[in-house]
Amino acid sequence: MFKRARTAVKSAMRRSTCARRVLTAFLAVGLLSAVVGSVEAKDPLLAYGARIIGDDARTRIVIDFDREPRFSVHYIANPERIVVDLPATAFGFPAKDLAARGLFKDIRYGKMDEESARIVLTTAGPVKLALAKVQADEAGKGHRLVLDAEMIDKQAFGELVKTQSWGDQAWSDRTSNDESGAAQTTSAIPAPEKTAPGDFVIAVDAGHGGIDTGAIGVDTKTEEKQVTLAVAKALTERLNKEPGIKAFLTRKDDEFLSLSQRVLIARQNHAGLFISLHADTLKQKDIRGATVYTISDKASDKLAADLAERENLSDQIAGKETVAEPPEVADILLDLTRRETQAFSISLAESVLNSFKDQVGTINNPHRHAGFRVLQAPDVPSILLELGFLSNAEDEKLLLDETWRGKIVGLLTDAVKRYRAAVIANGG
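Model, not experiment: these values are computed from the prediction.

Asks: Give a detailed account of unusual backbone geometry, specifying residues and quantitative values.
Replies: Across the junction of Asn78 and Pro79, the peptide omega takes the value -5 degrees, indicating a cis bond. Although it is not a glycine, Asn78 sits at a positive phi angle of roughly 55 degrees. Take Asn78: it is sitting in the loop between strand 3 (72-76) and strand 4 (81-87). The exposed category is assigned to Asn78, whose relative accessible area is 67%. Phi is positive for Asp358, which is not a glycine, with a value near 65 degrees. Relative to the elements of secondary structure, Asp358 occurs in the loop between helix 8 (331-356) and strand 15 (362-370). By relative accessible area, Asp358 is classed as exposed at 74%.

Asks: Mind laying out the nonpolar core, listing which residues take part and the relevant values?
Replies: Counting residues in each nonpolar core, the largest one holds 41 residues, and the members touching the most others are Ile202, Val204 and Phe356. When residues of this core are traced back to their parent elements, those giving at least two are strand 11 (200-206), helix 4 (224-239), strand 12 (245-249), strand 13 (273-278), strand 14 (290-295), helix 8, strand 16 (382-386) and helix 10 (402-425). Here the element with the most residues in this core is helix 10; it accounts for nine residues. When residues no more than four places from it in sequence are discounted, the contact partners of Val204 are Ala232, Leu235, Thr236, Leu239, Ala247, Phe248, Leu249, Thr250, Ile275 and Leu277. Counting 30 residues, the second-largest nonpolar core is a separate cluster that includes Ala50, Ile63, Tyr75 and Leu86.

About the thresholds
Residues numbered from 1 in each chain as written. Predicted model: local features only at pLDDT ≥ 70, side-chain atom pairs only at ≥ 80, totals over all residues. Heavy atoms only, no water. Helix = DSSP H or I, 4+ residues; strand = E, 2+ residues; numbered from the N terminus. Buried < 20%, exposed > 50% of the residue type's maximum accessible area, 1.4 Å probe, protein only. Core = buried A, V, L, I, M, F, W, Y, C linked by side-chain atoms within 4.5 Å. Contact = heavy atoms within 4.5 Å.

Structure follows, in structure tokens:
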């Protein structure tokens, strides 16, 4: 499947990387997304209780806080969602207490960054908040947020989306007749890492994070975002012990990063490699083992296509609006750079699988490809590594085993070193 690409790797490695550097300058502005101001940092709120009642005509959500929360609301279409932004909040109630029902088919909540949290209510159809207010708890324990949702028609929902305010004005005690203020919260893009001349820079991306938990373990209910961050930290630490290699994390803790932010962080830091770590689930619980994915306009198979579709929903899960891709600049240069980068990505994928051979279990045809948005940087060779599947009990045990993680980290480091040596030997 990749014979032509393999043949192209050597010639691609011999070509100058000047095109990539030029393209970086062209696209840096195009990929940069605005970072909206957030509330002042302080001790997080505690959401210690929650309940949901109602039916498919009207549904009420009540969340108990230890003190009065400031909040804002906005509406997003395609699909219809209601997003509630909060200051930093620790959610301490059982997930079952806010299980989706009535007008809501999915409810997500969690950290966005150090200063903000978010609740995303995916609705079964067009819905508005007829009431959204904070009131003191009668027992004097704190305050509660009350959200009353009711059905509306598509035209009315469209008007809500179109006319809403995007300022950081908080709701206090409003009805649906008021403008709904909203502060869309995103994680700040970190400043580029300081590197020495000649350093080989690697972006290690822990998949998911914050409100986007990722997959859930079949036995232990461990969240994918925890697994990927643990392995990413260990891999970064190990790589940084190698002379001439500088690795950094796209996220250092449990925060949400959009897919485009992950790409931008790698490019701003002038990464020569981007490695995104994941541990998904499948309906077929007997499938287990590692898989390495590279980007392609056409998926290699249905499993790859389905996985890419799920991973590409990360922004939607977190209540992010769909943003049009930046217009392509310097089309000839872009096409040349993409081809070169794809060849390098395939070379890296093969180096990883060679390291894993007879050491780590892999699925059949372990090098696959699909249209993963997180691999879209046209000038940074990138792979998405499925470490294993949390839907498989045996894989889950390995993913939580520190000894096995250490083994994976060592093999990945060896693969990166071989890849780097090949690039240097061919004048890259």
